[in-house]
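Here is what each chain is made of, one letter per residue.
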Number of protein chains: 2
Amino acid sequence: MKEDKILLGHGAGGKLSCDLVKEVFLPFLDNEILGSLDDSAVIRTEGSKVAFTTDSYVVKPLFFPGGDIGRLSICGTVNDLAMVGARPVGISTSFILEEGFAIEDLETVLSSIDKASLEAGVNVVAGDTKVVEHGAAQGLFITTSGVGIVPGGVDISGSHAMPGDVVIINGPIGDHEIGILLARGEFSLKGEIKSDCAPLNGLVHAMLDACNNGIHALRDPTRGGLATVLWEIANASGVGIIVDEERIRVREEVRGVCDLLGFDPYYLANEGKLVAFAPQDKAEGVLEAMKRDPLGRESAIIGNVVDKNQGKVILKTRIKGHRLLEPLSGEQFPRIC
Amino acid sequence: MKEDKILLGHGAGGKLSCDLVKEVFLPFLDNEILGSLDDSAVIRTEGSKVAFTTDSYVVKPLFFPGGDIGRLSICGTVNDLAMVGARPVGISTSFILEEGFAIEDLETVLSSIDKASLEAGVNVVAGDTKVVEHGAAQGLFITTSGVGIVPGGVDISGSHAMPGDVVIINGPIGDHEIGILLARGEFSLKGEIKSDCAPLNGLVHAMLDACNNGIHALRDPTRGGLATVLWEIANASGVGIIVDEERIRVREEVRGVCDLLGFDPYYLANEGKLVAFAPQDKAEGVLEAMKRDPLGRESAIIGNVVDKNQGKVILKTRIKGHRLLEPLSGEQFPRIC
């Protein structure tokens with residue numbers, strides 16, 4: 001049943017978000033490019049394929065271990081471009097600032113944006129600033145958009161996973177979301193977990209080079225986590241996905257917090273992770289290339305794609321059982337990204 | 001002196017906004033493209049010139065005579081692309097929604113976005129939705145970005161106005177800002193003034209066709225109004241600009257509100273107006289083409305560019321006097337766009 005008011009869960013990146021897009025947005029705005037629902041739109045124009053993406057950042061707190069809203073806003077957009085194989089050529093940042101926001105904090109955020117752009121090898125080429133009354137914007141919201149060029153021969157989409165593909169991830173899951181939760185100080189837990197927030201475009205290009213652009217699908221498991229992203233790809237591609245619990249790493253500290261608070265790591269947001277779908281015969285080459293990159297050292301093959309159980313994601317558990325991974329429905333957690 | 005906190009005036013589009021960009025943003029993010037401070041960035045890439053722009057919309061009220069936040073967000077971005085002569089190829093919309101926002105209102109906004117996109121001949125190809133707690137986003141903020149292609153032979157920039165150019169505007173000024181002010185109901189004034197909110201890309205392309213791409217500079221006088229935009233171009237191009245009060249139309253109803261409340265129409269925001277700088281010998285052809293377009297029927301030549309008084313804008317007044325038009329400093333008005 002369609003809701004008549006916006007709920008917090010509509011922004012959580014799971015089933016409710018998906019329903020909002022499909023039932024409210026697409027009836028008005030549908031077109032072939034938007035309807036693909038990939039991380040970036042790919043526009044075919046005079047001789048080149050232009051990738052284009054946007055995301056708003058409303059993270060609380062603005063500053064956290066491993067990053068801040070500025071770093072996050074650049075990495076998130078660079079990563080969405082990278083998920084269709086695009087090389088970023090320009091980023092825009094639009095700031096909605098609250099009256100009274102400290103210029104010093106703004107400078108810290110700008111410095112992070114500068115640093116993250118440098119890491120990603122892209123410039124901020126356009127921007128806007130609006131100011132709203134005190135109390136109307138949690139201090140600062142940033143919306144970044146990105147433009148990239150998809151190199152010839154690259155054809156990556158969430159709908160291109162194929163039976164026989166292996167599923168690869170570049171490291172342990174959940175660091176970002178648990179890092180933010182702890183930074184909020186709402187739980188009296190000791191310790192600090194760093195967000196994994198990082199630009200993945202360099203890693204993606206190393207992967208593409210290692211397999212002659214043979215990657216079928218890529219997605220970064222942000223809101224909704226690994227489970228939701230795998231479910232999206234299983235559905236968009238019309239395939240089944242089987243992943244192996246034993247191969248999916250979760251840091252001990254992250255698992256500890258999950259156990260204490262009753263969270264499921266498969267639904268935790270990440271900001272420096274990607275899931276790749278590559279044909280079996282190219283998987284080893286891709287994996288080796290990933291391990292040579294600082295952001296891919298802990299990469300592992302975590303599963304494979306099959307032609308049965310279409311639209312379903314099955315987790316083989318440690319105790320040799322099977323668990324169906326459904327998409328996040330509504331909100332598992334406090335909204336953090 | 002640099003402020004240490006964000007003020008409402010930092011978002012008003014005048015001198016304070018300019019200082020914020022130059023003193024706080026550019027020291028961290030400067031590069032040749034961003035530094036041009038045109039309405040859209042122009043990125044040169046493999047064979048084509050890609051235009052790219054972004055703007056956040058925080059207008060209150062969300063619905064007003066002549067439009068709503070949805071229509072505004074599409075027109076604003078299409079117009080920023082048009083101001084470098086680009087043909088739009090894709091728009092992104094990013095929504096920051098408050099918990100509790102009525103889905104029905106969201107659908108009204110989406111329907112306006114759909115309609116405005118159709119008028120402009122461009123699709124929304126990418127999007128994002130975030131939800132924040134009740135009270136944290138004035139109901140709804142929208143950030144739109146746009147990508148366009150600049151046709152070969154077109155080279156328009158706020159820094160390209162030249163002595164000998166004439167200055168053309170496509171109609172009366174101030175409708176948008178006064179329309180929004182009245183819609184707020186803060187003043188007990190009767191009557192309704194419609195925002196001029198409209199996509200100007202069709203008009204711009206007719207103008208370019210009429211003069212073999214000979215337009216030097218274009219800008220839409222949004223925040224900060226006509227005076228601020230002329231000042232920006234006088235400075236970016238290193239020229240003087242003389243405009244004639246008698247030729248700049250202000251609707252009687254708009255002038256009436258200005259007189260009552262003490263506002264200066266030259267600083268009022270517009271959302272369906274453009275100022276064009278074209279060489280004298282092409283001006284008549286451009287003007288005729290403009291008058292054939294529904295959005296250009298009231299076009300007029302309002303002034304010319306000279307090589308003295310560099311960086312200054314001089315208004316010849318009705319009583320044969322001269323008045324220096326300075327950029328808006330801080331806020332003249334309640335913030336409306």
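Keep in mind the model is a prediction, meaning the values are calculated, not measured.

(A) Just the overall build of chain A, in detail. The number of helices and strands found in chain A is nine helices and 14 strands. Taken over the C-alpha trace, chain A has a radius of gyration of 19 Å; the compact-globule value for 337 residues is 20 Å, and the two agree within 12%. Expressed along its principal axes, the backbone C-alpha trace of chain A runs to roughly 55 × 55 × 45 Å. Taking contacts inside chain A between residues at least 6 apart in sequence as the whole, the part at least 24 apart equals 84%. Looking at chain A as shown, the accessible area adds up to about 12,300 Å², and 48% of this sits on carbon and sulfur atoms. In chain A, 32 positive and 47 negative side-chain charges are present, and the distance between their average locations comes to 5 Å.

(B) The arrangement of the interface of chain A and chain B in detail. With 75 residues of chain A at the interface, the matching set in chain B holds 75 residues. Carbon and sulfur atoms supply 67% of the area that chain A and chain B bury against each other, a total of about 6,500 Å² over both sides. Broken down residue by residue, the surface that chain A buries against chain B is led by Ile6, Phe28 and Ile103 of chain A, which jointly contribute 11%. For the pair chain A and chain B, the interface holds six salt bridges. The partner of Arg223 of chain A in a salt bridge is Asp128 of chain B, with the nearest N and O atoms 2.9 Å apart. Our count for the contact surface shared by chain A and chain B stands at 20 residue pairs in polar contact (both at pLDDT 80 or more). Elements with a contribution of two residues or more to the side of chain A that touches chain B: α1 (15-29), α2 (32-35), β1 (41-45), β2 (48-57), β5 (87-98), α4 (103-120), β6 (124-132) and β7 (140-150) of chain A. With ten residues, β5 of chain A is the largest single contributor of residues to the side of chain A that touches chain B. A class-by-class count of the residues in the side of chain A that touches chain B yields 37 nonpolar, 22 polar and 16 charged.

(C) Expanded view of the relation of the copies chain A and chain B. For the pair chain A and chain B, the relating rotation is 180 degrees, the translation along its axis is 0.0 Å, and the fit reaches an RMSD of 0.0 Å. Put plainly, the chains are arranged around a two-fold axis. Among all residues of chain A, the one whose C-alpha sits closest to the rotation axis is Ala136 of chain A, at a distance of 2.4 Å. The fraction of interface residues of chain A whose copies in chain B are also interface residues reaches 100%, indicating that both copies meet through the same surface.

(D) Inspection of the pattern of salt bridges at higher detail. Evaluation of the coordinates by the stated rule reveals 30 salt bridges over all chains. Taking the shortest distance from any N to any O, the salt bridge between Glu119 of chain A and Lys115 of chain A comes out at 3.6 Å. Of this pair, Glu119 of chain A and Lys115 of chain A both sit in helix α4, four residues apart, roughly one helical turn. Residue Glu133 of chain A pairs with Lys60 of chain B through a salt bridge whose shortest N-O separation is 3.9 Å. Taken together, the residues span two chains, with Glu133 of chain A in the loop between β6 and β7 and Lys60 of chain B in the loop between β2 (48-57) and β3 (63-64). Three or more residues joined by partner-sharing salt bridges are found here, namely Asp38, Asp39, Arg219 and Glu232 of chain A.

How each quantity is defined
- Numbers given for residues are sequential positions, taken from 1 along each chain in its written order.
- Lettering for chains starts from A, numbering for ligands starts from 1, and both go in the order in which the items are written.
- Whole-chain, interface and lining totals are the exception, using all residues; otherwise, since this is a predicted model, local features are given only for residues with pLDDT of at least 70 and side-chain atom pairs are given and counted only at 80 or more.
- By convention in this description, side-chain values take in all heavy atoms of the structure and omit both hydrogens and water.
- Runs of E in the DSSP output that reach at least two residues are strands. Runs of H or I that reach at least four are helices, and both are numbered from the N terminus.
- Our radius of gyration is a C-alpha quantity, and the globule rule it is checked against amounts to 2.2 Å times the number of residues to the power 0.38.
- Residues count as neighbours in contact if any of their non-hydrogen atoms are within 4.5 Å of one another.
- For the area figures, the Shrake-Rupley method with a 1.4 Å probe applies, and any residue is considered shielded solely by the protein chains shown.
- The convention is simple: Lys and Arg are positive, Asp and Glu are negative, and His and the chain ends are not counted.
- Every charge is mapped onto a representative atom, which is NZ of Lys, CZ of Arg, CG of Asp or CD of Glu.
- Two parts placed together each lose some accessible area under a 1.4 Å probe, and the buried area is that loss summed for both.
- Each salt bridge in this description consists of a side-chain nitrogen of Lys or Arg and a carboxyl oxygen of Asp or Glu lying within 4 Å of one another.
- Think of a polar contact as two N or O atoms within 3.5 Å of one another; within protein, one of them needs to be a possible hydrogen donor and the other a possible acceptor, and neighboring residues in sequence only count if both atoms come from side chains.
- The nonpolar class holds Ala, Val, Leu, Ile, Met, Phe, Trp, Tyr, Cys and Pro. Asp, Glu, Lys and Arg form the charged class, and all remaining residues, Gly among them, are polar.
- The fit set for superposing copies consists of C-alpha atoms from residues with pLDDT of at least 70 in both; the fit itself is least squares.

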